[in-house]
Amino acid sequence: MEYKKYFAPGRVNLIGEHLDYNGGLVLPAAITLGVTATFIPRSDNKIVLHSATHSFCKEISVDDEIEFDANNDWTNYPLGIIAQLRKENHSIPSCEIIFESNLPEGSGLSSSAAVEVLTAYALLSQTESSINLVWLANFCKQVENDFIGVKCGIMDQYSVALGKKDNALLLDCNKIHHDYIPLELGDYRLVIMNSKKPRSLIHSKYNERKSECEEALMQIRNTNSEIRNLCEAEMVWIDILNDETLKKRARHVISENLRVKEAVKVLEMNDLSTFGRLMNVSHASLKNDYEVTGIELDTLAETAQQIKGCLGARMTGAGFGGCAIAIVHQTAMEEFKNKVNEKYLSVTGINCEIYETQIGDGVHQLI
Ligand code: GLA
């Protein structure tokens, strides 16, 4: 039987957290861990979705009504894509798709965006000669917002679709425009520290932060009506806000956007030490002002920051559990892993996982 294979990566965000839905700048990168889809054509009008890691699988007819259903488990992601492609009159081939992932799930490395982008890419590749990846990222984000019900920004789907080996992706979420920033780490390694903390409250807390930012923007607009998003606000305008919490949220957003600009400058000069310091300040801002870290991510990032040979560390993604990242000299790696592991276990009672990762390409066909 003729089959094809496709791959979509996970992502880390190097800096620029919780800025995508505030119209700011983010600096994610696709990683070499990700999800593979084996696509097998069928001729019986059925679509069958399998996973090598989950026992749940789903079979539908090509023209079945599709709605979100929690019982459909992980298959809601590909089903949401299929439903939306159909609504937009793309032809959906009868097929079996087998998903296989080496991305730790639910850990904030965008496994759901990877499955969405991968499904859309694999299906469209059967009938369309070229796929516009910016369109694809927006399409998948819309499915996540409307079908899955998570009010995320564009960063995850965009980096999964458009990531590039050895490059970070500087994405302007207001203009929806990107540039590639070469990331030359030399003797340093990009390290992921997985807190293994289940992110149970994440969706409600995420949506709460989003509403707080919308409220802050509304209040600032009363006196500065020209600004389109919170990232365009000036720091002094925070005094306009009538609530201490809103002031803290806005302070994170405005200062983080400035840090991304600074980060790009120093990366272009290959000044990794300053980049590392910006990562540390970003983490502190997410901890104190945006309040999305928690004891697990703080322990990982702050322990890492103290270790010789580590240039910087911060949480990555939405927070409330999930992963932190660090930039660590290769000769310090063993000691780094031991020290972080030991401290994390003593504080939380959980064994974390630490992986060295590489920056890879966005979604593509393997065979
Ligand atoms: C999640 C969301 C993204 C982004 C990050 C925080 O990963 O899916 O859109 O908001 O959180 O930067």
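Residues numbered from 1 in each chain as written. Predicted model: local features only at pLDDT ≥ 70, side-chain atom pairs only at ≥ 80, totals over all residues. Heavy atoms only, no water.

## Topic: the environment of S200
Rules: Secondary structure is summarised from DSSP: a helix means a run of H or I of at least four residues, a strand means a run of E of at least two, and numbering begins at the N terminus for each. Exposure is judged per residue with a 1.4 Å probe applied to protein chains only, and the accessible area is read against the type maximum: over 50% gives exposed, under 20% gives buried, and values in between give partly exposed.
For S200, the location among the structural elements is in the loop between β9 (188-194) and α5 (202-221). On the basis of relative accessible area, S200 is assigned to the exposed category, the value being 70%. Placed 146 residues apart in sequence, S200 and S346 show a C-alpha to C-alpha distance of 22 Å.

## Quick word on the domain arrangement of the protein chain
Put simply, the rule is: Where each domain starts and ends comes from a domain assignment, either automatic or drawn from a database. We call two residues in contact when some of their heavy atoms are within 4.5 Å. Using a 1.4 Å probe, buried area is obtained as the accessible area two parts lose upon being combined, added over both of them. Any carboxyl oxygen of Asp or Glu within 4 Å of a side-chain nitrogen of Lys or Arg constitutes a salt bridge here. What qualifies as a polar contact is a pair of N or O atoms within 3.5 Å, subject to a donor-acceptor requirement within protein and to the restriction that residues adjacent in sequence count only when both atoms come from side chains.
Along its sequence, the protein chain is carved into domain 1 (4-183) and domain 2 (188-357). Using only C-alpha atoms to locate each centre, domain 1 and domain 2 end up separated by 24 Å. On the side of domain 2, 43 residues touch domain 1, which itself brings 33 residues to the contact. Buried surface at the junction of domain 1 and domain 2, both sides included, amounts to about 3,000 Å², of which 67% is carbon and sulfur. Counting across the interface, domain 1 meets domain 2 through 1 salt bridge. With a shortest N-O distance of 2.8 Å, R314 and E17 are connected by a salt bridge. Inspection of the domain 1/domain 2 interface yields 14 residue pairs in polar contact (both at pLDDT 80 or more). Elements with a contribution of two residues or more to the side of domain 1 that touches domain 2: β1 (4-13), β2 (25-26) and β3 (28-41).

## A short note on the layout of surface pockets
This is how the line gets drawn: In this analysis, the protein atoms alone were mapped onto a 1 Å grid. Cavities are point sets where a 1.4 Å probe fits without being able to get out; pockets are open sets with protein on both sides within 12 Å along at least five of seven lines; lining residues have an atom within 4 Å of a point. Grid points are joined across faces, edges and corners, and a volume is the space filled by probe spheres set on the points. Nonpolar residues are Ala, Val, Leu, Ile, Met, Phe, Trp, Tyr, Cys and Pro. Charged residues are Asp, Glu, Lys and Arg, and all others, Gly as well, are polar.
The volume enclosed by the largest pocket comes to roughly 790 Å³. In terms of lining, the largest pocket is formed by 41 residues, of which the most central are Y77, S110, S111, S112 and R199. Sorting the residues of the lining of the largest pocket by element identifies β6 (95-101), α2 (111-127), α3 (133-148), α4 (155-162) and α5 as the ones contributing at least two each. A per-element tally of the lining of the largest pocket places α2 first, with 4 residues. Among the residues making up the lining of the largest pocket, the classes are represented as 17 nonpolar, 16 polar and 8 charged. Taken together, domain 1 (4-183) and domain 2 (188-357) each give at least three residues to the lining of the largest pocket, which thus spans both.

## Quick look at the side chain of S255
Along the chain, S255 turns up in helix α6 (residues 244-268). The class for S255 is buried, based on a relative accessible area of 15%. Within the local environment of S255, its side chain forms a polar contact with the backbone oxygen of R251, the two atoms lying 2.8 Å apart. In this structure the side chain of S255 is engaged in a polar contact, spanning 3.2 Å, whose partner is the backbone oxygen of H252. Apart from residues no more than four positions distant in its own chain, S255 is found in contact with M235 and S285.

## A look at the environment of L286
Tracing the sequence through the fold places L286 in helix α7 (residues 272-288). You can call L286 buried: its relative accessible area is 0%. Distance from L286 to V253, taken between C-alpha atoms, is 9.3 Å for residues 33 residues apart in sequence.

## Some details on α6
What counts here: To estimate how far a helix should extend, the number of its residues minus one is multiplied by 1.5 Å.
Here α6 is 25 residues long and its end C-alpha atoms lie 36 Å apart, about the 36 Å a rise of 1.5 Å per residue gives. Capping the start of α6 is the job of one residue whose side-chain oxygen sits 2.8 Å from the backbone nitrogen of T245: D243. Immediately beyond the C-terminal end of α6, within one or two residues, lies N270, with a positive phi of roughly 60°.

## Remarks on the nonpolar core
We count it as follows: Residue types Ala, Val, Leu, Ile, Met, Phe, Trp, Tyr and Cys, when buried and joined through side-chain atoms within 4.5 Å, form a set referred to as a nonpolar core.
With 127 residues, the main nonpolar core has L14, L27, L136, M193, F275 and F336 as its most contacted residues. Both domain 1 (4-183) and domain 2 (188-357) contribute no fewer than three residues apiece to this core. Contact partners of L14, with chain neighbours within four places excluded, come to L27, P28, A29, A168, L183, L190, F275, M279, R314 and I325.

## Let's talk about the site of the ligand
Filter applied, for reference: Proximity is defined per residue: any heavy atom of the residue falling within 4 Å of a molecule or strand makes that residue near it. For the accessible areas, the method is Shrake-Rupley and the probe is 1.4 Å, while residue cover comes only from the protein chains on display. Those molecules having more than half of their atoms within 2 Å of a cavity or pocket grid point set are described as sitting in that cavity or pocket.
The local shell around the ligand consists of R11, E17, H18, D20, Y21, C152, G153, M155, D156, Y206, G317 and A318. The side chain of D20 places a nitrogen or oxygen atom 2.5 Å from an oxygen atom of the ligand. Between Y206 and the ligand, the recorded distance is 2.6 Å, taken from a side-chain N or O atom to an oxygen atom. Coverage of the ligand by the protein chains reaches 93% of its 310 Å² of free accessible surface. A molecule is said to occupy a pocket when more than half its atoms come within 2 Å of that pocket's grid points, and by this definition the ligand occupies the largest pocket. Of the domains in this structure, domain 1 (4-183) and domain 2 (188-357) are the two that each give at least three residues to the shell around the ligand.

## Observations regarding the sheet that holds β2
Through backbone hydrogen bonds, the strands of a sheet pair up, either in parallel or in antiparallel fashion. Rules: Each pair of strands is called paired provided DSSP finds at least two bridges between the two strands. To get an axis, a line is fitted to the C-alpha atoms, and for a helix only the part in contact is used. The angle between two axes follows their N-to-C directions and goes from 0 to 180 degrees.
A sheet is described by the order of its strands in space; here 3 strands give the open sequence β2-β7-β8, paired in antiparallel fashion. If you trace the sheet from one side to the other, it starts and ends with β2 and β8 (177-182), each paired once. As judged from the 6 bridges shared by strand β7 (residues 167-172) and β8, these two strands associate in the antiparallel manner. Considered in β8, the bridge of L170 is made with D179. Against the sheet, α4 touches β2, β7 and β8, its axis set at about 135° to β7.

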